[in-house]
Amino acid sequence: MSNHPFTHLDALESEAIHIMREVAAECANPVLLFSGGKDSIVLLRLAEKAFRPGRFPFPLMHIDTEHNFPEVIAFRDRRVKELGERLIVRSMEDSIKKGRVVLRSENQSRNAFQSVTLLDAIAEFKFDACIGGARRDEEKARAKERIFSFRDEFGQWDPKNQRPELWDIYNTRTHPGENIRVFPISNWTELDVWEYIAREKLEVPQIYFAHTRDVIRRAAGLLPVSQLVQPQAGEKIEHITVRFRTVGDMSCTCPVESDAASIDEIIAETAMTRITERGATRMDDQTSEASMELRKKEGYF
Amino acid sequence: MSIIEKISFDQAGLLRFITAGSVDDGKSTLIGRLLHDSKSIFEDQLTSISNTTRKRGMEGVDLSLLTDGLQAEREQGITIDVAYRYFATPKRKFIIADTPGHEQYTRNMVTGASTANLAIILIDARKGVLTQSRRHAYLASLVGIPHLVVAVNKMDLVDYAQPVFEKICQDFAAFAEKLKLRNITYIPMSALNGDMVVERGDHLSWYQGSTLMDLLESVSIEDDINRDDFRFPVQWVCRPQTKELHDFRGYMGRIESGSIRVGDNVTLLPSGLTSRIKEILVYEGAIDEASAPQSVTLTIEDHIDISRGDMLVKAGDAPQVIKAFDAMLCWLSEQPLDPGRKYLIKQSTRMVKAVISRIDYRVDVNTMDHETVNTLKMNDIAHIGLKVQAPLVCDDYERNRATGCFIVIDESSNNTVAAGMIAAAKE
């Protein structure tokens, strides 16, 4: 063994690199989903580690709800430019125009409808594998998902009929029209992601750090005030110090009260936090005990 | 900064383990206890499970609900598949493969066990070593899990009596000897009350060994990987063909076992061509040596044709290059084995066509008896003979888990239908 100990981050990193190389070698037309969020930022570094000095053997793709935080989109474009890789953006607005997505109201959460745009993009480019940054510790439906998660031609996940996954031999085979979602950081926790960001000195969008923001309290969480979220009767705007633990649709991604202004402080806060990442920050996961499972069955990431 | 130092996990290793036992043995309670006492349960999860506990008309917090994942399972109160759980202490990170104990048990346990460093076999102190304990021990030995913990649970229900514990240890040891199981640790405990899980508790003062958590934190996993034989299956060939890197050819992959230094003589298999290691590259730059399970890029001195599926090994330490071999096979699919048919085999980075040429016997996992059969059904384990269309580069599973395992894929459905462990190569 070399002098420095092989840490858990080294083990997780090597596993993820191995997974990405398997995808590149065995799938005909893969794509990596990049949103500008912390998990997909980690994926990009892992892809660099897997394929440099070569180029990535797949393009990057963002499914844009157009309800994203502007600073995250700016970050996304800057990072892609630095890497010199190709980014495909498919927007939900296109799906709405085509009548593929019908919203009840303009300000409704768009997270659930991302599946439609994603499935349309998969069909358009004939992608047979989508590399994503989902983790098993996020949610209990994810805890049972394979690293190579097979989807039928309707993009559906059948939790009761998953391919067995043994050792680290991955079955990447699909029929035309089917695809596989691949999650190289399945075994990482939220804390692992932040520790890796610290170790690799990765830049993340500013909204992950503590800042003052106008919010309202709704249900169990805080909602950021924006053109999409305005106070209803009885709600009042508060100006407090918050940060985001996940980034997504502005209408349903909730910040948490926090003073963590650096990566180290985020790690300290994450290590001690008493609320799971999605529990604190995603209104759409709290709808029912099985909401993530239901969305995944419909083709969600 | 002191608080950050205190909770830094930077130097921690990673231990993967599996828990074997049925709901009645208190398996979910044990996992819940490990998560709870290591403070890995989040408040919203606790709120959610206490709501569910109340909905089902029960009191308090049922820790076993933490491991229930899917809607279908919650409705039926069963666990249908392998679920992965994560927790950490300042000493180590842990991944638990939680496998349910009902009729698909063999398939699920083999799946969970395939990546595990350690298995915890739960035994109910009132019931002693049962058929299912022997089945769990057999599967642990079959899959070659390096470390075994026999957790004698529910000691509170036998008044924490030392003779009960010792009798169970003797019974299990007698059986384990036949399976050539090594590295077994026996721990008496009450997962319900928390005795000897994370805390020692007040009731088992006669027991001098470690708590379960102490053991999980300290067991040495360094040698769980074969450190002797360098095996480097090539996953991907990097040829940037840019101006600066016009002639660069990097062979990318993960070191599955052993280690390698710059200048080492290597043999390429299956061709048998030889060369020397020129560089070992990682993202941060060139390094002098690397060892399993690092993912690296290798360059070599000579221009020889290397592609995915080839394996680089150290000269003089070659694995087998074979077209026929014996294996232990675990059938995973609802569709039974069709003995006349061609299947695909994936072993390291090679995918080849194969036929199962013989079924020597099926193992009854409850009695270990050998039975003659004509086909294999889901959950069957059998000793078989295989023929492959193109040679595999492999080791016996017992010597090297990483290069001795394979999966069987049904070419028409694309499903993974079986998992195999190479038992003995035949020329």
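Definitions and limits used
Sequence order as written defines residue numbering, which begins from 1 separately in each chain. Written order decides the labels, with chains lettered from A and ligands numbered from 1. The predicted origin of the model limits local features to residues at a pLDDT of at least 70 and limits the giving and counting of side-chain atom pairs to 80 or more, whereas totals for whole chains, interfaces and linings rest on all residues. By the criteria applied, helices consist of DSSP H or I runs no shorter than four residues and strands consist of E runs no shorter than two, each listed in order from the N terminus. Residues with at least 20 other C-beta atoms within 10 Å of their own are called buried, those with 12 or fewer are called exposed, and the rest are partly exposed. The C-beta atoms themselves are positioned from the backbone. Once C-beta atoms have been placed from the backbone, residue pairs whose C-beta atoms lie within 7 Å are recorded as contacts. Buried Ala, Val, Leu, Ile, Met, Phe, Trp, Tyr and Cys residues form a nonpolar core when they are connected through C-beta atoms within 7 Å. Convention adopted: a line fitted to C-alpha atoms gives each axis, helices being fitted over their contacting stretch, and angles between N-to-C directions are expressed from 0 to 180 degrees. If an angle is under 35 degrees, it is roughly parallel; if it is over 145, roughly antiparallel; if it lies from 65 to 115, roughly perpendicular; otherwise it is oblique. Should the near helix be turned anticlockwise from the far one by less than a right angle, the crossing is left-handed, and should it be turned clockwise, the crossing is right-handed. Gly is put with the polar residues, along with every residue not named as nonpolar or charged; the nonpolar set is Ala, Val, Leu, Ile, Met, Phe, Trp, Tyr, Cys and Pro, and the charged set is Asp, Glu, Lys and Arg. By definition, two strands form a pair when at least two bridges between them are found by DSSP.

1. Considerations on the overall build of chain A
Looking only at helices and strands, chain A has nine helices and 10 strands in total. Residues counted as buried form 53% of the 301 residues belonging to chain A. Sequence separation of at least 24 residues holds for 76% of the intrachain contacts in chain A that already meet a minimum separation of 6.

2. As for the overall build of chain B
From N to C terminus, chain B includes nine helices and 23 strands. Going through the 427 residues of chain B one by one, you find that 48% of them count as buried. In chain B, of all internal contacts separated by at least 6 residues, the share reaching a separation of at least 24 is 71%.

3. What to know about the nonpolar core
The biggest cluster of nonpolar side chains holds 185 residues, and the ones touching the most others in it are Ala119, Ile121 and Ala151 of chain B. Core analysis: the next-biggest nonpolar cluster, separate from the first, contains five residues, Val215, Leu222, Val242 and Cys254 of chain A among them.

4. Describing the packing of helix H2 (residues 38–51) of chain A against helix H6 (residues 190–199) of chain A
Residues and elements named next belong to chain A. Between H2 and H6, the shortest axis-to-axis distance is 10 Å and the interhelical angle comes to 50°. Taken as axis vectors, H2 and H6 run oblique relative to one another. You can see that H2 and H6 cross each other, and the crossing is left-handed. Counting all contacts with H2, which are made through Lys38, Asp39 and Val42, the residues of H6 involved are Val193, Tyr196 and Ile197. Tallied by class, the residues present in the contact of H2 with H6 amount to four nonpolar, no polar and two charged.

5. Re unusual backbone geometry
Residue Pro53 of chain A follows Arg52 of chain A across a cis peptide bond; omega there is 10°. One can find Pro53 of chain A in the loop between H2 and strand S2 (60–64). With an omega of 0°, the peptide bond between Ala292 of chain B and Pro293 of chain B qualifies as cis. By the secondary structure assignment, Pro293 of chain B is in the loop between strand S14 (289–291) and strand S15 (295–300). The backbone phi angle of Lys154 of chain B is positive, close to 65°, even though this residue is not glycine. Mapped onto the elements, Lys154 of chain B comes out in the loop between strand S5 (147–153) and helix H7 (162–178). Owing to 23 C-beta atoms within 10 Å, Lys154 of chain B belongs among the buried residues under this scheme. Here Lys180 of chain B, not a glycine, exhibits a phi torsion of approximately 55°, which is positive.

6. What about the sheet that holds strand S3 (residues 87–91) of chain A?
Residues and elements named next belong to chain A. Taken in spatial order, the six strands line up as S3-S2-S1-S4-S6-S5 in an open sheet, and their pairing is mixed. With one partner strand each, in any of the chains shown, S3 and strand S5 (148–151) form the two edges of the open sheet. With strand direction ignored, the average angle separating the axes of adjacent strands in the sheet is 30°. As judged from the four bridges shared by S5 and strand S6 (residues 179–182), these two strands associate in the antiparallel manner. When the sheet's bridge partners are listed, Phe150 is paired in S6 with Ile180. Packing against the sheet, helix H5 (residues 114–125) makes contact with strand S1 (30–33), S2, S3, strand S4 (129–131) and S6, and its axis sits at approximately 145° to S2.

7. Describing the sheet that holds strand S10 (residues 255–257) of chain A
All names here are of chain A. Read across the sheet, four strands follow the order S8-S7-S9-S10 without closing on themselves; strand pairing throughout is antiparallel. Either end of the sheet is taken by a strand with one partner, and the two such strands are strand S8 (221–224) and S10. Direction aside, the axes of adjacent strands within the sheet are offset by 70° on average. Two elements, strand S7 (residues 211–218) and S8, share four bridges in a ladder whose sense is antiparallel. By the bridge assignment for S8, Ile216 is matched with Leu223.

8. Here's the deal with the environment of Val417 of chain B
Residues and elements named next belong to chain B. On the secondary structure map, Val417 appears in strand S23 (residues 416–426). For Val417, a count of 26 C-beta atoms within 10 Å gives the class buried. For Val417 and Tyr251, which are 166 residues apart along the polypeptide, the C-alpha to C-alpha distance reads 31 Å. Beyond its immediate chain neighbours, meaning those up to four positions away, Val417 contacts Trp331, Leu332, Ser333, Gln335, Val408, Ile409 and Asp410.

9. Focus on the environment of Gly201 of chain B
Residues and elements named next belong to chain B. Mapped onto the elements of the fold, Gly201 is located in the loop between strand S6 (184–188) and helix H8 (212–218). Linking Gly201 and Ser190, residues 11 residues apart in sequence, is a C-alpha distance of 9.2 Å. Among all residues touching Gly201, those that are not within four sequence positions of it are Asn193, Gly194, Asp195 and Met196.

10. A closer look at the environment of Leu192 of chain B
Mapping Leu192 of chain B onto the fold places it in the loop between S6 and H8. For Leu192 of chain B, the contacting residues outside a window of four places in its chain are Gly26, Thr29 and Asp156 of chain B.

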